[in-house]
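# Coordinate analysis (summary)
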Amino acid sequence: MDARVIPIREAAACDAPPAVSQERGQREVFCGLTAIIWMHRRIQDAFFLVVGSRTCAHLIQSAAGVMIFAEPRFGTAIIDDRDLAGLADANDEIDRVVNRLLERRPDIRLLFLVGSCPSEVIKLDLSRAAQRLNTRHAPAVRVVDFSGSGIETTFTQGEDSCLAALAPQLPALPPTAPPELLVVGTLADVVEDQFRRLFEAMGTGPVRFFPPRRAREMPAIGPNTRMLLAQPFLADTARALESRGVKRLPAPFPIGVEGTTDWLRAGARACGVADERIDAVLQPARERATRALAALRPTLEGRSVFFFPDSQLELPLARFLSREMGMDLIEVGTPYLHRAHLAAELERLPAHTRIVEGQDVERQLDRCLAARPDLTVCGLGLANPLEARGLSTKWSIELVFSPIQGFEQAADLAGLFVRPLERARRLAA
Ligand code: SF4
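Residues numbered from 1 in each chain as written. Predicted model: local features only at pLDDT ≥ 70, side-chain atom pairs only at ≥ 80, totals over all residues. Heavy atoms only, no water.

The name an unreviewed UniProt entry assigns to the protein chain is Light-independent protochlorophyllide reductase subunit N, from the organism Hydrogenophaga crocea. Taken from UniProt, the Subunit (unreviewed entry) comment for the protein chain reads in full: "Protochlorophyllide reductase is composed of three subunits; BchL, BchN and BchB. Forms a heterotetramer of two BchB and two BchN subunits." According to the UniProt record, the Function (unreviewed entry) comment for the protein chain reads "Component of the dark-operative protochlorophyllide reductase (DPOR) that uses Mg-ATP and reduced ferredoxin to reduce ring D of protochlorophyllide (Pchlide) to form chlorophyllide a (Chlide). This reaction is light-independent. The NB-protein (BchN-BchB) is the catalytic component of the complex." (UniProt positions renumbered as here; feature names shortened; annotations may be inferred.)

Given below as structure tokens:
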């Protein structure tokens, strides 16, 4: 282990968690429709049908980039402006689009109707539309609705909204079923495979993943299910699972060597695995990852970083950059901060770090420009103006699209922060 990584207990004992301030004002974030871009890759027999406007269609097509050349697993039913009298037509239109789609694509097993924010869509009751369509297409195809509207969701909340809609429909395990581990939150397949291998080697027993790769593999849950959140933006999903008796295991998120170790340890301990066995299984992967990070650390160590609120991944990323890469955190903004889910992250951040929940973009830009950090992590809309003012930026959306969790990905994650600094250094030279 890198000697410069602060041992967890030592940091928790001597530092109080940093204070969190709230900010309310204009926000600069994508809407929840963006989550379709990574979720459609995950559930391979699902289709996401956005019920929206041309703007929504443009957003997901341009965010998805090259995917539109493949047989896509998402699309938009465009509902043009219409008054209340036209709602029956709109419902007929949704039915027509869905029926045509399912006839043409028999591979679809799960169809999401995704709500958006144009007023003509808000007037529609998509949960009734889903019920109506289920009477015709279930059980071959299940229809589920959720909202990706920009009024209700920021971009990673789209995943939360989707999984929270699925949670009540998961099959039930009886109270007598043996304990099982459930990993909650979309992970890249390669990351899931690595975690599965490590859990198996530690002897945890069965581990399920939600969402699964295929609709028919939805995990069953019950009062003996223990969940490990793999993503920090799943407040509604966790609540929906807890209401079905599932217990959450407190842990940091599996980012960096420290976060991954403690996350896996929390899961294994809940299954009764002894610490010696956990350590023995994790040690080789921890050492490999620590060595890979050591090669990148000199570029990041001592450099300052400023996070604008965007993906809700900000706290775990800041903890990783501070504790494993030696970066100086100026400000860490996050759209929402779930105190319980992020408790293990907050207590690992330096007490002096400014943590801001919510956003007032003008004031935050002023603070960022005054601080002139070496690196700014922000949304796409802010990156170009900040680059034009001479700051190096990293798009936070890239951190959501890339596989960054786990030991084998730790150095790739650090590399994502090294790249803009290296580019700035070369340009300056
Ligand atoms: Fe824009 Fe709303 Fe559609 Fe998102 S859901 S693309 S914010 S119109």
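Looking only at helices and strands, the protein chain has 17 helices and 14 strands in total. In terms of its C-alpha atoms, the protein chain occupies a principal-axis envelope of roughly 65 × 55 × 35 Å. Here the protein chain, with 429 residues, has 57% of them falling under the buried criterion. Of the contacts formed within the protein chain by residues at least 6 apart in sequence, a portion of 75% connects residues at least 24 apart. Of the side-chain charges in the protein chain, 52 are positive and 54 negative, and the distance between the mean point of each set is 3 Å. (Helix = DSSP H or I, 4+ residues; strand = E, 2+ residues; numbered from the N terminus. Buried < 20%, exposed > 50% of the residue type's maximum accessible area, 1.4 Å probe, protein only. Contact = heavy atoms within 4.5 Å. Lys, Arg positive; Asp, Glu negative; His and termini not counted. Charge placed at Lys NZ, Arg CZ, Asp CG, Glu CD.)

Let us now look at the sheet that holds strand E6 (residues 180-184). Across the sheet, four strands lie side by side as E7-E6-E8-E9; this open sheet has parallel pairing. Both outer strands of the open sheet, strand E7 (207-210) and strand E9 (247-248), are each paired with one neighbouring strand and no more. Alignment of strand E8 (residues 225-229) against E9, held across two bridges, turns out to be parallel. Within E9, the residue paired with Met227 across the bridge is Arg248. (Pairing = 2+ DSSP bridges.)

What follows deals with the packing of aromatic side chains. Aromatic ring pairs are described here by two measures, namely the spacing of the ring centres and the angle between the planes. One pass over the full model with this rule turns up nine aromatic pairs. For the pair Trp38 and Phe155, a centre-to-centre distance of 6.0 Å together with 85° between the ring planes defines the contact as edge-to-face. Residue Trp38 is found in helix H2 (residues 36-42), and its partner Phe155 is found in the loop between strand E5 (142-147) and helix H7 (157-166); the two are separated by 117 residues along the sequence. Across this residue pair, the class does not change: Trp38 and Phe155 are buried. Arranged with centres 6.0 Å apart and planes meeting at 50°, the rings of Phe199 and Trp263 form a pair that is tilted. Placement of Phe199 in helix H8 (residues 189-202) and of Trp263 in helix H10 (residues 256-270) is noted, with a sequence separation of 64 residues between them. As far as the burial class goes, Phe199 and Trp263 line up, both buried. Members of the aromatic cluster, each reached through a chain of ring pairs, are Phe30, Trp38, Phe155 and Phe401. (Phe/Tyr/Trp six-rings, centres within 6.5 Å; stacked < 30°, edge-to-face > 60°.)

By the element assignment, Pro403 lies in the loop between helix H16 (396-401) and helix H17 (410-428). The contacts of Pro403, once residues within four sequence positions are left out, are Ala188, Val190, Val191 and Gln409.

Another point: the layout of surface pockets. Put simply, the second largest pocket is a space of about 270 Å³. Thr186, Leu187, Ala188, Val400 and Phe401 are, among the 19 residues lining the second largest pocket, the residues nearest its centre. Among the secondary structure elements, those contributing two or more residues to the lining of the second largest pocket are H2, H8 and H16. Grouping the constituent residues of the lining of the second largest pocket by class yields 11 nonpolar, four polar and four charged. (1 Å grid on protein atoms, 1.4 Å probe; cavity = no way out; pocket = protein on both sides within 12 Å on 5 of 7 lines; lining within 4 Å. Points joined across faces, edges and corners; volume = space filled by probe spheres on them. Nonpolar A, V, L, I, M, F, W, Y, C, P; charged D, E, K, R; others polar.)

According to UniProt, the "binding site: [4Fe-4S] cluster" (unreviewed entry) feature falls on Cys31, Cys56 and Cys117. Taking the farthest pair of C-alpha atoms as the criterion, the annotated set spanning 87 residues converges on one region, since that pair is 9.6 Å apart. The residue Cys31 is located in the loop between strand E1 (20-24) and H2 in this model. Leave out the neighbours within four places in its chain, and Cys31 touches Leu59, Gly148, Ser149, Gly150, Thr153, Thr154 and Phe155. For Cys56, a relative accessible area of 8% puts it in the buried group. In this view, Cys56 contacts Leu33, Val50, Ser116 and Pro118; residues no more than four positions away in its chain are not counted.

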